[in-house]
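Examining the three-dimensional arrangement
Read off the chains here:
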Amino acid sequence: MDKQSAQERAHALHELLNTYNYEYYILDQPSVSDAEYDRLIQELSKLEEEYPELKTPDSPTQRVGGGVLESFQKVEHRTPMLSLGNAFNDQDLRDFDRRVRQAVGGDVQYVVELKIDGLAVSLRYENGLFIQGATRGDGTTGEDITENLKTVRSIPLRLKTDVSLEARGEVFMPKASFERLNELRLQLEEEPFANPRNAAAGSIRQLDPKIAAKRNLDIFVYSIADLGGTGIDRHSEALDFLEKEGFKTNKERRKCESIDEVITLIENLQEKRASLPYDIDGIVIKVDSLAQQDELGFTAKSPRWAVAYKFPAEEVTT
Ligand SMILES: NC(=O)c1cnc(N)c2cc(Br)sc12
């Protein structure tokens, strides 16, 4: 095949493979078999062997790329990755709501989301290309785990448009993957992980991306670190924007017109908890209006415009 045809075919394969990856890992609605996907990956790999300039960073063949690292580089977060204040009961939620309404002096809408029990990461994209991912660390300084995050199939290597942004999300290990991993570890007489969160943390901080790639990690993206210039003025719009750009967001999100609606919704979500294919440790409630979020601002370590309702610790049956 001549170079021009190879470039055209490689471009077509990028598009096809990215679409199939999106359908499988983000929509959970694959349109081709694994065998067909693998055949196309092999075809692209052969083209990249023949014409190395075709092996671009966002090529689907580059998900499990890097060698074994000695250690992780430090990354300074441009916007601090904060933690959330906690609420443990309805009264705490009503106190939160009263403080919010006193500060903004008007109607407040909330967005209610599941609090995923994984580990928080930041994902930086330049002109649509995934260029760096990092752990939360202490909120100001995290660790560069880009190579490991590239192995998470639900993290797009290229967005739908050439936008530059920093997204935040929670990497997690689905319950079924956690059970399978621990069965394997027991067979190999290795220490099993205590829970999916520890398994995800231990997997995403592997120095060898080939090990991380086998751990079937997943992600829900839930915010954009800096919304400047996007024209977005509500958190709910930011989530829709992230979804349109190709990120995996959690569909169990609802807008509520009052704290009473929030409390009712939390009761319903708590009943769903056991049937979810991933662990959650609470519910996140955020003021939807970004203008009101700006009015409310932050305490030393948490936003005043959000709270995490924590589920009571589950009784461990001994
Ligand atoms: N949807 C969300 O905002 C969300 C979900 N799950 C989490 N573990 C966290 C943590 C922070 Br901080 S926000 C958030």
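Residues numbered from 1 in each chain as written. Predicted model: local features only at pLDDT ≥ 70, side-chain atom pairs only at ≥ 80, totals over all residues. Heavy atoms only, no water.

Thoughts on the pattern of salt bridges
All chains considered together, the criterion is met by 25 salt bridges. Here Arg39 ties to Glu36 by a salt bridge, and the two come within 3.1 Å at their closest N and O atoms. Separated by three residues within a single helix, Arg39 and Glu36 lie in helix H2 (residues 34-50), roughly one turn from each other. A salt bridge links Asp162 to Arg158, with the nearest nitrogen and oxygen atoms 3.9 Å apart. Put simply, Arg9, Glu36, Arg39 and Glu43 are held in one network by salt bridges that share partners. (Salt bridge = Lys/Arg side-chain N within 4 Å of Asp/Glu carboxyl O. Helix = DSSP H or I, 4+ residues; strand = E, 2+ residues; numbered from the N terminus.)

Overview of the sheet that holds strand E2 (residues 86-87)
The five strands lie next to each other as E2-E11-E10-E3-E9, forming an open sheet whose pairing is mixed. Looking along the sheet, the strands with just one partner apiece sit at the ends: E2 and strand E9 (254-256). Note: strand E10 (residues 280-287) against strand E11 (residues 306-310), five bridges, orientation antiparallel. Within E11, the position partnered with Lys286 by the bridge is Ala306. Sitting on the sheet, helix H8 (residues 235-244) touches strand E3 (110-116), E9 and E10, and the angle it makes with E3 is about 55 degrees. Here helix H9 (residues 259-272) sits on the sheet in contact with E3, E9, E10 and E11, set at roughly 25 degrees to E3. (Pairing = 2+ DSSP bridges. Contact = heavy atoms within 4.5 Å. Axes fitted to C-alpha atoms, helices over the stretch in contact; angles between N-to-C directions.)

Side note on the nonpolar core
Leu123, Tyr125, Leu149, Val171, Ile204 and Phe247 are the most contacted members of the largest nonpolar core, which totals 34 residues. Breaking this core down by element, the ones donating at least two residues are strand E4 (119-126), strand E7 (165-172), helix H5 (175-187), helix H6 (196-204), strand E8 (218-224) and H8. Leaving out residues up to four positions away in the same chain, Tyr125 has contacts with Phe130, Ile131, Ile155, Pro156, Leu157, Leu159, Val163, Ser164, Leu165 and Phe247. In this structure, Ile266, Leu269, Val287 and Tyr309 belong to the second largest nonpolar core, which totals 31 residues. (Core = buried A, V, L, I, M, F, W, Y, C linked by side-chain atoms within 4.5 Å. Buried < 20%, exposed > 50% of the residue type's maximum accessible area, 1.4 Å probe, protein only.)

Focus on the sheet that holds E8
Strand order in the open sheet formed by four strands is E5-E4-E7-E8, with antiparallel pairing between adjacent strands. The sheet is open, and its two edges are formed by strand E5 (129-135) and E8, each paired on a single side. When strand polarity is set aside, the average angle formed by the axes of neighbouring strands in this sheet is 30 degrees. By the bridge criterion, six bridges tie E7 to E8 in an arrangement that is antiparallel. Paired with Phe172 across the two strands is Asp218, which belongs to E8. Packing against the sheet, H6 makes contact with E4 and E7, and its axis sits at approximately 40 degrees to E4.

A look at the pairing of E4
Taking burial as the measure, the eight residues of E4 include seven buried ones, the bulk of the element. Here E4 pairs with E7 via seven bridges, running antiparallel. Residue pairing in the sheet places Ser122 in a bridge with Arg168 of E7. As judged from the six bridges shared by E4 and E5, these two strands associate in the antiparallel manner. Following the sheet pairing, Leu123 is matched in E5 by Gly133. Between E4 and E5, which pair antiparallel in sequence order, lie two residues; one of them, Asn127, sits at a positive phi of approximately 50 degrees.

Let's talk about the packing of helix H3 (residues 90-104) against H9
Between H3 and H9, the shortest axis-to-axis distance is 10 Å and the interhelical angle comes to 150 degrees. One element, H3, and the other, H9, form an angle in the roughly antiparallel class. Read as a crossing pair, H3 and H9 show a hand that is right-handed. Across the interface between the two elements, Asp90, Leu93, Arg94 and Asp97 of H3 pack against Ile259, Asp260, Ile263 and Ile266 of H9. The residue makeup of the contact of H3 with H9, split by class, is four nonpolar, no polar and four charged. (Parallel < 35°, antiparallel > 145°, perpendicular 65-115°, else oblique. Left-handed = near helix turned anticlockwise from the far one by under 90°. Nonpolar A, V, L, I, M, F, W, Y, C, P; charged D, E, K, R; others polar.)

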